[in-house]
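Summary of the model geometry
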Amino acid sequence: MPFLSILTQCCYQNQYGSYNFNGGDGDPEPRNNNDKHGTRIAGQIVASRDNGVCGVGLAHGARVSGIRLIADVVTDTTEARALTHALGENHIYSNSWGPTDSGIGADAPGRHTQNAFEQGTSAGRDGKGAVYVFAAGNGHASGDNCNYDGYANSPYTIAVGAVSSTGAISAYSEGCGALTGVAYSSAGDGKSITTIDYVVGKPNVCASDHGGTSAAAPQVSAVVALILQKRDDLTWRDVQHILARGAAPPVGSNAYTQGVVNSAGLWTHPRWGFGVIRAAKPFNLASTWTTVGGSEYAHVWRSGSQEGGELPVNREATFSVEMPEGADGWSELVEHVLFTVTLTHPSRGNLAFYAKSPSNTVIELAARRLYDTSSAGLDKWTFTTPFFLDEPATGKWTLSIVNHFGVAGKLTEFEVTVRGRFVEPQLNNDNLAGIIVGSVIGGLALIGGATAGVALYRNKKTSPQDPTDPDDEMLATEEGRAQTESPIGGRDDELASSFQNTEVNDGGMGLTAAAPQEAPQPSTLAIGQLIDEGN
């Protein structure tokens, strides 16, 4: 059956992986012309080849499920259920939604949703882990930063920004130290993504104005589908490794010279992540990749703690913690580093956060947010980064906070968590997942045989607690991330002066998409059909 006819009629292809969480039934079909976001995203990924309408999907052999989530008020419990719905069917959850991009909030998933990420990555895909892809956000013009988005900066998710057709960063695309990479989308140059659209009573309609990081994230979800169709034995951690190594840095550009090369030779930049994620290089890397294992090998170590201190006016304050050496000659290599902070400050947006590894690599975690004048400070807020990938975990980790405000603040507590893997020198290919934690006190779904996931989009609203769950946490955001149909203006924030001007070998990044090898069963993609209100 041709895929596009299914899309225009209902939006999903796999009824077993689909669900309408707003209506409480199994029909996520669009309800009106505003209810089109998921259809557009589905078209990007799974539109059938030779359809003669709007072009072919990047992973047209995948199957798709529909998850309808943010057409109404949602709770933490509802989000958690959506992100783990049909884990036996859905393998990749592609999420083009998130907290509002106002530049003033710090919004994290509730307890149930955080647990859902852990459950999905440990139990999904028969223990290999579901893959979660999230749009990084469209709030750069508002000074927003994706490390204040607890969905995009989770170590369990892949955060994706946007670039133009020429490879220039889209002005609206948020940057941060949690960004995995960027993918093609709109950029204010008159060129956007063309995909299938949804118009009531009119089948086979195309949209040529699709854009924002909402359109960039599905491009990466499609690449993941191709990777898993080639190697369905790979884990969610393998996918993150492959995307980081397969991303193409903007060699020869000013942005390239402003980036940082870590001690493992990987280039990073807070607006680019590891670079542009195309299909060919990750697809080819997957062929010979040796798995690093799944969540089942995770462990936790804790170092000693120390008191924090003052955040002086117009100065940098540094706080460090030592990570212990591994036992019996094993070494630890980094995958993610998490800095959890509790602090007081009269205008938290005037704080900028940087991190330094034991290998002396310095990266920007989160830049200043000039519109964030909140005096609420931060309460156990976690800044995350994969930029230290494959660096040694052992040694001194340093958090630097620069106070650009005329009044001092105070770091009352912080904790450093290093997530990574063990490598024994005599068994270089025997990698085990691990977590090292140092405490310092003081201071979508694509779904199916080889691939699966959910594409979700939301206009998030404050909602009452789930009456069936007294522990449910209310969501505090008034409205969700809007798809950027017409790109908004932006500005390029200056990078920290400590960034190194270092060269890296590009290694011949591929520029063309590669067709997947045949798999026993096609991948399946779950796309959420959600209302884009007010646009």
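Quick look at empty space enclosed by the protein
The volume enclosed by the largest cavity comes to roughly 150 Å³. In this structure, the largest cavity is lined by 15 residues; those nearest its centre are T180, Q240, E335, H336 and P386. At the level of elements, α6 (236–246) and β14 (331–344) are the ones that each hand at least two residues to the lining of the largest cavity. Class assignment for the residues of the lining of the largest cavity results in six nonpolar, seven polar and two charged.

With respect to the packing of helix α5 (residues 213–230) against α6
Relative orientation of the contacting elements α5 and α6 amounts to 115°, with a least axis distance of 11 Å. The way α5 lies across α6 gives a crossing that is right-handed. Listed contacts from α6 to V220, V223, V224, I227 and L228 of α5 are V239, I242 and L243. When its residues are assigned to classes, the contact of α5 with α6 shows eight nonpolar, no polar and no charged.

Overview of the pairing of strand β15 (residues 351–356)
With five of six residues buried, β15 lies mostly within the body of the structure. In this structure, β15 lies alongside strand β18 (residues 395–403), joined through six bridges in antiparallel fashion. Across the sheet, residue A355 finds its bridge partner in β18, namely L399. Direction of pairing for β15 relative to strand β16 (residues 362–366): antiparallel, over a ladder of four bridges. If you follow K356 over to β16, its bridge partner there is V362. Hairpin connection from β15 to β16: five residues lie between these consecutive antiparallel strands, with N360 at a positive phi of about 70°.

Focus on unusual backbone geometry
Notably, N204 is not glycine yet its phi reads approximately 60°, a positive angle. One can find N204 in strand β8 (residues 202–210). In this model, N314 sits at a positive phi of 50°, which is unusual for a non-glycine residue. Along the chain, the position of N314 falls in the loop between β12 (309–311) and β13 (315–323). Accessibility expressed as a relative area gives 55% for N314, which makes it exposed.

Notes on helix α8 (residues 280–288)
Of the positions making up α8, those classed as buried are A280, K281, P282, F283 and A286. Buried-residue contacts for α8 involve α5 and α6.

Conventions used here
Residues numbered from 1 in each chain as written. Predicted model: local features only at pLDDT ≥ 70, side-chain atom pairs only at ≥ 80, totals over all residues. Heavy atoms only, no water. 1 Å grid on protein atoms, 1.4 Å probe; cavity = no way out; pocket = protein on both sides within 12 Å on 5 of 7 lines; lining within 4 Å. Points joined across faces, edges and corners; volume = space filled by probe spheres on them. Helix = DSSP H or I, 4+ residues; strand = E, 2+ residues; numbered from the N terminus. Nonpolar A, V, L, I, M, F, W, Y, C, P; charged D, E, K, R; others polar. Axes fitted to C-alpha atoms, helices over the stretch in contact; angles between N-to-C directions. Left-handed = near helix turned anticlockwise from the far one by under 90°. Contact = heavy atoms within 4.5 Å. Buried < 20%, exposed > 50% of the residue type's maximum accessible area, 1.4 Å probe, protein only. Pairing = 2+ DSSP bridges.

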